[in-house]
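Notes for the structure review
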Amino acid sequence: MSSEQESPSKSEKKGLFSRWRRKNKADELAQSATTEAQDAQAVTPIEQSLGSPQEPLKKPESLEPVASPDIVAPVAVTQLVAPTEPEPPVEVLVTEPAPVPSATEARPVQPTAALEQLVPEKVKAEPQSDVLPQPTTKPEDNNAEKKKRSNRFSRALSRTSAGLGAFFLGYKEISDELLEELETLLLMADVGVDVTTEIIGELTARVKRGELNDSDTLKAELHRVLLDIISPCEQELDVTGKQPFVLLVVGVNGVGKTTTIGKLAQRFQREGRSVMLAAGDTFRAAAVEQLQVWGERNNVQVVAQHTGADSASVIYDAVESAKAKNIDVLIADTAGRLHTKSNLMEELEKVKRVMAKLDEAAPHEVLLVLDAGTGQNALNQMHEFNRAVGITGLALTKLDGTAKGGVAFALSRRFKVPLRYVGLGEGVDDLQVFRAEDYVKAVLSDVDDGL
């Protein structure tokens, strides 16, 4: 066989190629249809799981209106605007053939009244959310607040009230043993033997008359008795009417005279008064410098001389200067001295005589500073200083550091001298004017109603 016979002709090759191309094209079309069917089956479950109302993808010419934001909104607007006489929006929505509902369909504008009916609760709730609820105070909260020792007297006298306050906790029937225990607590608080005997005697008499039945009534009666003892000594210092008002401060070493003077100077300044200080303690080392520091702190002039100078001459110069400068209050410090040393007490009398040369009424106030921690020894100090210079007022300091706050009742009962100030702490504002009611409440307050 020749090569021409073995090889197909050109027409035959062309026919074979056409049949092969048609076959491949048919295969491609079949494969494409199969792929589209598989894609449609895969998309349909996903759309169903997502809750989409759309149908499987179709050819552009066979697409039907679907509820999509890009297609439905224009159609809805065209149907609302098209009629010559606009119908109510509700009727248009009812007659509109909407094959698939959508959350993004165009909704007709509701009247204002209708909107208010749809969301009345929300509209009314908004202004209320801006208003903070007012705190309601219950009686129990008030009682709890009162038991927090917010009162400075209660905080300072917490050690004194530790025994007396705990004694009245809980219900107790009154008996001889109970009164004996109360008597012991009063003595431990340094109320004094005489005053304690007087108090217990009065309470016992009322118990025998049947007027006191339990610990509550006993505490109320004790409060009344203590208040009667100390109330006459509640007399605030009045510095008006004299210019300068000369205040002579005396006391033994270590009671806090210089510190009390500094705090008094600041108190008078807050009241709008001009103040001058006299450094009359010329014996104790650094006493003059200490008073000058207080003067610089309060911007107050201090009249002083060198250490060892005559105390009477320093105070004499201070009185002259205060008169010339129209100072309202002159506070004169003195050297701390033991009340048992008669020679030192005589020198204090000299200071008072020298001041009287410039002003017969001077000093207008002789303030004795007592340390509450000394207890009954404060009575001896009061006796000696009163005999030497005539004490007209008391300042009881360091009450926050002792359990002997009851000495105030002993001083009041025995000497009946006004208790001007009480020191409740180290701060400048802790030198407080004495208040009898606050003091008695603090002494009888419960142990755990504060700190």
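See the structure printed just above.
Read on for a plain summary of the structure. Quick caveat: nothing in here was measured; it's all calculated off a predicted structure.

Moving on, we get to the overall build of the protein. From N to C terminus, the protein includes 19 helices and eight strands. Expressed as a percentage of its 451 residues, the buried residues of the protein come to 39%. The contacts of the protein with a sequence gap of at least 6 include a subset with a gap of at least 24, amounting to 75%. Approximately 26200 Å² of the protein is accessible, and the part contributed by carbon and sulfur atoms is 52%.

Time to look at empty space enclosed by the protein. Using the criterion set out here, one finds one cavity of 30 Å³ or more in the structure. Empty space within the largest cavity amounts to approximately 30 Å³. Forming the boundary of the largest cavity are Cys233, Leu394, Ala408, Leu411, Ser412, Val417 and Leu419. With three residues, helix α18 (residues 407–415) is the largest single contributor of residues to the lining of the largest cavity. Classifying every residue of the lining of the largest cavity by side-chain character gives six nonpolar, one polar and no charged.

Mapped onto the elements of the fold, aspartate 214 is located in the loop between α11 (193–208) and α12 (215–230). Among buried charged residues, aspartate 214 stands out as having no salt bridge; its nearest opposite-charge side chain is arginine 206, 11 Å away. Side-chain polar atoms of aspartate 214 contact the backbone nitrogen of aspartate 216, separated by 3.3 Å. Setting aside anything within four residues of it in sequence, one finds aspartate 214 in contact with Tyr171, Lys172 and Ile174.

Viewed as axis vectors pointing N to C, helix α17 (residues 377–389) and α18 meet at an angle of 35°, and their least axial separation amounts to 10 Å. At the point where α17 passes α18, the crossing takes the right-handed sense. In this structure, α17 uses Ala378, Leu379, Met382 and His383 to contact α18, whose residues at the interface are Val407, Ala410, Leu411, Arg414 and Phe415. Among the residues forming the contact of α17 with α18, the class breakdown is seven nonpolar, one polar and one charged.

Here the focus is the nonpolar core. Generally speaking, a soluble globular protein has its nonpolar side chains buried in company with each other. One finds Ile331 and Tyr439 to be the most contacted residues of the largest nonpolar core, which totals 103 residues. Of the residues forming this core, the biggest block, seven residues, is contributed by α12. In contact with isoleucine 331, not counting residues within four places along its chain, are Leu247, Val249, Ile261, Leu264, Ala265, Phe268, Val275, Met276, Leu277 and Ala278.

A word on the sheet that holds strand β2 (residues 275–278). Within a sheet, neighbouring strands are paired by backbone hydrogen bonds and run either parallel or antiparallel to one another. One open sheet accounts for eight strands, arranged β3-β2-β4-β1-β5-β6-β7-β8; its pairing is mixed. In this open sheet, the two strands that pair with only one neighbour each are β3 (301–303) and β8 (431–433). Between one strand axis and the next, the sheet turns by 25° as a mean value, whatever way the strands run. Bridge count between β2 and strand β4 (residues 329–332): four bridges; the pairing is parallel. Of the residues in β4, the one forming a bridge with alanine 278 is alanine 332.

The next subject is helix α14 (residues 287–298). Because an α-helix packs 3.6 residues into every turn, residues spaced three or four apart end up facing the same way. Look at α14: 17 Å from first C-alpha to last across 12 residues, which is about the 16 Å you get at 1.5 Å a residue. The complete set of buried residues in α14 reads Ala287, Val288, Leu291, Trp294, Gly295 and Asn298. Relative to the axis of α14, the buried residues are bounded by an arc of 125° and lie together on one face. Across α14 from its buried face, at more than 90 degrees, point the exposed residues Glu296 and Arg297. Tucked inside the fold, the buried residues of α14 contact α13 (257–270), β2 and β3. Positioned one or two residues after α14, asparagine 299 has a phi angle of 55°, which is positive.

Look at α11: 22 Å from first C-alpha to last across 16 residues, which is about the 22 Å you get at 1.5 Å a residue. Residues of α11 that are buried: Val195, Thr196, Ile199, Ile200 and Leu203. In a view along the axis of α11, the buried residues occupy a sector of 125°, so they form one face of it. Those residues of α11 that are exposed and angled more than 90 degrees off the buried face are Val193, Asp194 and Lys208. Considering only its buried residues, α11 is in contact with α10 (176–188), α12 and α18. The positive-phi residue at the C-terminal boundary of α11 is glycine 210, with phi of around 80°.

What counts and how
- Residues numbered from 1 in each chain as written.
- Predicted model: local features only at pLDDT ≥ 70, side-chain atom pairs only at ≥ 80, totals over all residues.
- Heavy atoms only, no water.
- Helix = DSSP H or I, 4+ residues; strand = E, 2+ residues; numbered from the N terminus.
- Buried < 20%, exposed > 50% of the residue type's maximum accessible area, 1.4 Å probe, protein only.
- Contact = heavy atoms within 4.5 Å.
- Areas by Shrake-Rupley, 256 points an atom, 1.4 Å probe, with all protein chains shown as cover.
- 1 Å grid on protein atoms, 1.4 Å probe; cavity = no way out; pocket = protein on both sides within 12 Å on 5 of 7 lines; lining within 4 Å.
- Points joined across faces, edges and corners; volume = space filled by probe spheres on them.
- Nonpolar A, V, L, I, M, F, W, Y, C, P; charged D, E, K, R; others polar.
- Lys, Arg positive; Asp, Glu negative; His and termini not counted.
- Salt bridge = Lys/Arg side-chain N within 4 Å of Asp/Glu carboxyl O.
- Polar contact = N/O pair within 3.5 Å; in protein donor to acceptor, adjacent residues only side chain to side chain.
- Axes fitted to C-alpha atoms, helices over the stretch in contact; angles between N-to-C directions.
- Left-handed = near helix turned anticlockwise from the far one by under 90°.
- Core = buried A, V, L, I, M, F, W, Y, C linked by side-chain atoms within 4.5 Å.
- Pairing = 2+ DSSP bridges.
- Expected span 1.5 Å × (residues − 1).
- Arc of directions from axis to C-beta.

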